[in-house]
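# Summary of structural features
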Amino acid sequence: MIKYFVRYFPAKFNYAVANLLSGIFYVFPTKIKNNVYYNLNIIYGLKEEKADINKKAKQVFRNFAGYLIDLVSLAVLPREEIDKLFLDIHGRKYLDTVKNTGSIIVTLHMGNWELGGAFLTHSGYDFTAIYEKHNDRNVSEFFNNIRLKHKFGIIDRRDFKAIIKAFREKKNVAILGEISYESQTVTVDFLGANYNLPAGAVVLALKYDIPVIPAVCIKSGSGYRIMVAPLLKMEKTGNLQKDIRYNAGILAKILEGFILEYPEQWFVFKRFDNEK
């Protein structure tokens, strides 16, 4: 149904319908809405900024509805239409330094991470995404078809041999950095508390001497902008566990900075604490 609207109706109409539906969903009390309230209260507490959390939470849902429209657009619209959404890359020089040497790009569930990958490949950058299989095979196929259409490389996160092969081939490998789907985590100061974040990116960067690039693709007006932070080169002391904690702590603060800057575009609908 969404594919039909995206393919045959103007974008403004689709965004308007998405906003309307998100507003209707927001009216009803749900666990998801409570979780967003909880997360935003933490964020604005750290920002030391007074905010109408109800208004901010409503904007999160509106932004997510727009994300869904743009995600489906990736699946059904031609490249020239997708490229109209692309504004620019802030921090392009950091990507250029690893264009032929490879990196680990660590991003967030923010803005539109799939569009970010498409914009990079359309701009001539090598890009391979490490993905987590969804429980629903159709959902996994939907996402992977988008990635293949836009010339991503894709690697199942469980396929360690393929990940190492990508590093040896000097590819830019992207991974989501704030939700853990892996057994190895590291406790760091994140959003005002000790939180267990995925350790995989830092462990691999330390082992294979690969720079880490924190980056997000955020909505800006009617388009999207890729925001790239400076390269994070791993500090090594020879004590692996100490090095993991130290470097993961630095990475966590960079990712936290993105969240504090764009809280209404952070699409994490779980309560962000360490409760299981």
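Reading the values: the criteria
- Residues numbered from 1 in each chain as written.
- Predicted model: local features only at pLDDT ≥ 70, side-chain atom pairs only at ≥ 80, totals over all residues.
- Heavy atoms only, no water.
- Helix = DSSP H or I, 4+ residues; strand = E, 2+ residues; numbered from the N terminus.
- Rg over C-alpha atoms; globule rule 2.2 N^0.38 Å.
- Buried < 20%, exposed > 50% of the residue type's maximum accessible area, 1.4 Å probe, protein only.
- Contact = heavy atoms within 4.5 Å.
- Areas by Shrake-Rupley, 256 points an atom, 1.4 Å probe, with all protein chains shown as cover.
- 1 Å grid on protein atoms, 1.4 Å probe; cavity = no way out; pocket = protein on both sides within 12 Å on 5 of 7 lines; lining within 4 Å.
- Points joined across faces, edges and corners; volume = space filled by probe spheres on them.
- Nonpolar A, V, L, I, M, F, W, Y, C, P; charged D, E, K, R; others polar.
- Patch = residues over 30% accessible without salt bridge, like charges linked within 9 Å, V, L, I, M, F, W, Y side chains within 5 Å.
- Salt bridge = Lys/Arg side-chain N within 4 Å of Asp/Glu carboxyl O.

Before going further, it helps to spend a moment on the overall build of the chain. If you tally the helices and strands in the chain, you get eleven helices and nine strands. By the compact-globule yardstick of 19 Å for 276 residues, the chain fits well, its C-alpha radius of gyration being 19 Å. The dimensions of the chain, computed from C-alpha atoms along their principal axes, are 55 × 40 × 35 Å. The buried share of the chain, taken over its 276 residues, is 49%. The contacts in the chain between residues at least 6 apart in sequence include a share of 75% that link residues at least 24 apart. With the model as given, the accessible surface of the chain reaches about 14,300 Å², and the carbon-plus-sulfur share is 54%.

All right, on to the environment of glycine 192 then. Residue position: glycine 192 is located in the loop between strand 6 (185-190) and strand 7 (193-198). Owing to a relative accessible area of 55%, glycine 192 belongs among the exposed residues under this scheme. Considered as a pair, glycine 192 and leucine 46 are 146 residues apart in the sequence and their alpha carbons are 7.1 Å apart. In this structure glycine 192 touches Leu46 and Glu256, once residues within four positions along its chain are discounted.

Below, the discussion takes up the layout of surface pockets. Over the atoms rolls a probe the size of a water molecule, and in doing so it shows where empty space is left. Of the pockets and cavities examined, the second largest pocket occupies roughly 410 Å³. Taken together, 17 residues make up the lining of the second largest pocket; nearest its centre are Ile2, Ala18, Leu21, Ala65 and Leu68. Those elements giving two or more residues to the lining of the second largest pocket turn out to be helix 1 (2-8), helix 2 (11-27) and helix 4 (53-76). Counting residues per element, the lining of the second largest pocket draws most heavily on helix 2, which supplies six residues. Split by residue class, the lining of the second largest pocket holds 15 nonpolar, two polar and no charged.

Residues Tyr4, Tyr8, Phe9, Phe13, Val17, Leu20, Leu21, Ile24, Val27 and Phe28 make up a contiguous nonpolar surface patch of roughly 1,000 Å² in combined accessible area. Put simply, the parts of the chain that give the nonpolar patch at least two residues each are helix 1 and helix 2. Broken down by element, the nonpolar patch gets its largest block of residues, six residues, from helix 2. Following the sequence through the fold, phenylalanine 28 ends up in the loop between helix 2 and helix 3 (31-46).

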